[in-house]
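Observations on the model geometry
Chain by chain, the residues run as shown.
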Amino acid sequence: MKHDRTAGFKTAAALWMMLAVLAAAVFSGREAACAKSRDLWTIMLQETNDSYQDNLKLGLPVSSKVKLKKNTIVIYGSVRESGSGENSAAVKHAYKLAENVKFVSEGGTGPAQEMTKKEFKKYLKKVQDSGLGLMIQLKNEKAVRVSVSS
């Protein structure tokens, strides 16, 4: 009898182990798929702007400077992932640009306006202290869409 109980216990333990491994494989695959695509956002305001501190008090992500470089976009401040209630640390964040990245201005009543990289870089300089939102869509950790929105 003792031998049968031990065998039953070993069989049940092996079954639980197989289920745990299967569940881990399924859920880790989901995490990997989710990690490949994500959306980040921040509010563009200079630290000297009174609204800068107000937005910080409200717990919103704020960036004091955004630079568009040859292959990257750099954000100085905090960012938040869409769907998250937490801001990143207020540091320098750099994201690689995908080859086919789209630069867009959107919001208000008009349609989204796509721009060249050169046009968008010039536009970013104008809106650094505007309180507008900057959104970055990442796929495989590269920015595929960068937009400024009201």
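Conventions we followed
- Residues numbered from 1 in each chain as written.
- Predicted model: local features only at pLDDT ≥ 70, side-chain atom pairs only at ≥ 80, totals over all residues.
- Heavy atoms only, no water.
- Polar contact = N/O pair within 3.5 Å; in protein donor to acceptor, adjacent residues only side chain to side chain.
- Helix = DSSP H or I, 4+ residues; strand = E, 2+ residues; numbered from the N terminus.
- Phe/Tyr/Trp six-rings, centres within 6.5 Å; stacked < 30°, edge-to-face > 60°.
- Lys NZ or Arg CZ within 6 Å of the ring centre and 35° of its normal.
- Buried < 20%, exposed > 50% of the residue type's maximum accessible area, 1.4 Å probe, protein only.
- Pairing = 2+ DSSP bridges.
- Right-handed = clockwise from strand over helix to strand, strands pointing away.

Next up on the list: helix α2 (residues 50–57). If you check the start of α2, you find a side-chain oxygen 2.8 Å away from the backbone N of S51, and it comes from N49. Within two residues after α2, G59 carries a phi angle of roughly 80 degrees, on the positive side.

Within this structure, the stated rule accounts for two aromatic pairs. Taking 6.3 Å as the distance between ring centres and 50 degrees as the angle between the ring planes, the aromatic pair formed by F120 and Y123 counts as tilted. Of this pair, F120 and Y123 are both found in helix α3 (residues 117–126), three residues apart, which corresponds to roughly one turn of the helix. By way of ring pairs, the aromatic residues F103, F120 and Y123 are connected into one cluster. The ring of Y76 carries the charged tip of K65 above its face, separated from the ring centre by 4.6 Å.

On to unusual backbone geometry, then. With a phi close to 55 degrees, N140 is a non-glycine residue in the positive phi region. Assignment of secondary structure puts N140 in the loop between β7 (133–139) and β8 (142–149). Residue N140 is classed as exposed on the basis of its relative accessible area, which comes to 55%. Its identity is not glycine, yet E141 carries a phi of approximately 65 degrees, on the positive side. Relative to the assigned elements, E141 resides in the loop between β7 and β8.

Turning our eyes to something else, we now look at the pairing of strand β1 (residues 37–44). With seven bridges connecting them, β1 and β7 associate as antiparallel partners. Note that in β7 the partner of I43 across the bridge is G133. Where β1 meets strand β4 (residues 80–81), two bridges bridge the pair, whose relative direction is antiparallel. Counterpart to W41 in the pairing with β4 is R80. Relative to strand β2 (residues 62–68), β1 runs parallel, the two sharing two bridges. Paired with I43 across the two strands is V62, which belongs to β2. At this point the chain moves from β1, through α2, to the parallel β2, and the crossover so formed is right-handed.

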